[in-house]
Amino acid sequence: MRNKGLDAQGYIEREGSLGRVPHVFRPVVAAARDRLLDVYGGRLDSAYLYGSIPRGTARVGRSDLDLFVATRREPTEEDRDAARSLGEALDKEFPEIDGAGILLYGRTRLLSEPETYDLGWFVACLCTPLLGEDLAEYLPRYRPDSRLARETNGDLALLLPRWRERIAASEDSDEARRPLVRFMSRRLVRTGFTLVMPRWNGWTSDLGEMAEAFGAYYPGRAEELGRAAALGCEPTGDARVLRSYVDDLGPWLADEYARVHGVKTPRPDDMT
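Residues numbered from 1 in each chain as written. Predicted model: local features only at pLDDT ≥ 70, side-chain atom pairs only at ≥ 80, totals over all residues. Heavy atoms only, no water.

Enquirer: So, unusual backbone geometry: which residues are in play, and what are the values?
Expert: In this model, Asn201 sits at a positive phi of 60°, which is unusual for a non-glycine residue. Relative to the helices and strands, Asn201 is located in the loop between α8 (174-200) and α9 (207-217). (Helix = DSSP H or I, 4+ residues; strand = E, 2+ residues; numbered from the N terminus.)

Enquirer: Explain the environment of Arg199 to me, and be specific about the residues and the numbers.
Expert: You can see Arg199 is positioned in helix α8. Separated by 54 residues in sequence, Arg199 and Asp145 have C-alpha atoms that sit 8.4 Å apart.

Enquirer: Give a detailed account of the nonpolar core, specifying residues and quantitative values.
Expert: Ranked by internal contacts, the top residues of the largest apolar core, which has 55 residues, are Phe68, Trp121, Tyr142, Trp163, Trp203 and Tyr245. Examining the composition of this core, we find that 10 residues originate from one element, α8, more than from any other. Leaving out residues up to four positions away in the same chain, Trp163 has contacts with Leu156, Phe183, Met184, Arg187, Leu188 and Val246. (Core = buried A, V, L, I, M, F, W, Y, C linked by side-chain atoms within 4.5 Å. Buried < 20%, exposed > 50% of the residue type's maximum accessible area, 1.4 Å probe, protein only. Contact = heavy atoms within 4.5 Å.)

Enquirer: Explain the sheet that holds strand β2 (residues 65-71) to me, and be specific about the residues and the numbers.
Expert: In space, the four strands of this open sheet follow the order β3-β2-β1-β4, with mixed pairing throughout. Looking at strand neighbours, the two that pair on one side only are β3 (100-106) and β4 (127-132), the edges of this open sheet. With strand direction ignored, the average angle separating the axes of adjacent strands in the sheet is 25°. Where β2 and β3 come together, seven bridges link them in parallel fashion. Residue pairing for β3: Ala70 is matched across the bridge by Tyr105. (Pairing = 2+ DSSP bridges. Axes fitted to C-alpha atoms, helices over the stretch in contact; angles between N-to-C directions.)

All quantities given are derived from atomic positions and should not be read as evidence of function.
Take a look at the structure:
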């Protein structure tokens with residue numbers, strides 16, 4: 001079996017680095033770094049880049065800027081509002097990116113036992129340090145095993161009702177549906193990949209490679225996930241795609257995931 005994305009000991013290697021950020025995106029990364037300090041000041045514990053920009057695969061005018069921020073205490077609604085405002089401002093100012101999103105969590109939660117194989121893994125393996133202390137120093141190393149699969153993406157059944165609500169509440173236009181298609185396509189492809197990740201024995205964040213790995217084990221669903229991978233990069237606003245996700249591919253994938261890996265350990269947020 002292939003071991004792409006693993007080190008010599010079989011642990012998932014951290015992807016991305018500031019050195020891989022393409023030159024054209026460096027001004028927006030520098031602006032994001034400076035403005036995070038201005039907005040959060042002493043409340044900021046650490047900040048990271050993730051996604052295609054630190055992996056060096058971003059496309060000008062097509063890729064978004066993904067930031068992950070850890071605060072010293074649990075973030076407030078004011079902190080979240082500030083993150084949204086900052087993301088909107090960066091997106092408006094820099095045409096090189098197509099959107100900017102900021103994930104915001106408290107340091108204590110990120111380093112808590114329930115999050116070790118979910119948010120903790122995300123920080124340690126998928127995030128590139130940008131500011132402050134690197135919390136990966138307090139986290140274990142990770143293998144592409146069933147426990148990691150369950151705790152990262154074993155909550156699809158819980159998400160599907162929320163997805164249906166978002167679809168129903170969206171405007172009836174391609175423009176309004178396109179972000180939903182992009183988001184849901186990516187999530188389904190990543191879930192399909194982590195379903196087979198322990199058998200594939202490796203890690204990748206490339207949607208095409210994820211779909212290809214999945215298709216090797218589930219050829220009957222390979223074409224569907226391949227289309228989802230394409231839509232995750234070049235989304236349309238087709239309502240039929242969204243219906244197929246929540247009525248067919250999503251429910252099947254959630255059931256198969258639970259059968260193979262079990263269900264993700266509930267979090268307090270799941271109760272609200």
